[in-house]
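The lines below spell out each chain.
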Amino acid sequence: MQRRQALLGTTAVLSTIPGCLSLSLSDSSLRAVNVELLNATEQRQTFHLALETGSGMLDWESHPVDAGVDEAVTLTPDGATSLVAVHGAVNDFSGSVSNLDPDGPDGEYCLHFRFQYPRSMDEDPQLAQIADIHC
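Residues numbered from 1 in each chain as written. Predicted model: local features only at pLDDT ≥ 70, side-chain atom pairs only at ≥ 80, totals over all residues. Heavy atoms only, no water.

## A short note on unusual backbone geometry
What is expected of a backbone is that most residues other than glycine have negative phi and most peptide bonds are trans.
Item 1. Look at Asn91: it is not a glycine, yet its phi comes out positive at around 50 degrees.
Item 2. Within the fold, Asn91 resides in the loop between strand S6 (83–90) and strand S7 (93–97). (Helix = DSSP H or I, 4+ residues; strand = E, 2+ residues; numbered from the N terminus.)

## Some points on the sheet that holds strand S5 (residues 69–75)
Item 1. Pairing is mixed in the open sheet, where four strands are placed in the order S5-S1-S8-S9. Looking at which strands have only one partner, the edges of the open sheet turn out to be S5 and strand S9 (126–130). Here the strands of the sheet are splayed against their neighbours by 20 degrees on average, with no regard to which way each runs.
Item 2. Of the strand pairs in this sheet, strand S1 (residues 28–39) and strand S8 (residues 107–117) are connected by 11 bridges, and their pairing is parallel. Looking at the pairing, Val35 lines up with Phe113 of S8. (Pairing = 2+ DSSP bridges. Axes fitted to C-alpha atoms, helices over the stretch in contact; angles between N-to-C directions.)

## Some thoughts on the packing of aromatic side chains
Item 1. Counted by the stated rule, this structure contains two aromatic pairs.
Item 2. A ring pair is formed by Phe47 and Phe115, whose centres lie 5.1 Å apart and whose planes are at 80 degrees; its orientation type is edge-to-face. Placement of the pair is Phe47 in strand S2 (residues 45–53) and Phe115 in strand S8, with a sequence separation of 68 residues.
Item 3. Classification of Phe115 by relative accessible area gives buried; the value is 0%.
Item 4. Measuring from ring centre to ring centre gives 6.0 Å for Phe93 and Phe115, while their planes differ by 55 degrees; the resulting arrangement is tilted. With Phe93 in strand S7 and Phe115 in strand S8, this pair connects stretches of sequence that are 22 residues apart.
Item 5. In this structure Phe93 comes out as partly exposed when scored by relative accessible area, which is 21%. (Phe/Tyr/Trp six-rings, centres within 6.5 Å; stacked < 30°, edge-to-face > 60°. Buried < 20%, exposed > 50% of the residue type's maximum accessible area, 1.4 Å probe, protein only.)

As structure tokens, then:
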């Protein structure tokens, strides 16, 4: 019985070591968060964006976008330790993209998102992450 407890204890300790090593040895650095704002309506819309990091919410930024225009916006986390979520709002819509990898890949990387306000009232606005991580 004691041997089984010792083996379980050793397994539990060893299983936490790789996670600790990856956190302390990670060379990942989030350089920028790029958001493509797409206004497919016939009216000017104001998009609101905010980054949530491991240390809290950063300031909201507002970006007016003319009718039928796509605009690229870059948000800089300014040395934030980890990105937890990207939040967006336009008119009555608000959404978030979370479950982001807090450690990121090795080296410098950028995250890309698309925030679309559709032409038709039958469609919902969309805030989605794009798979590309190149800057």
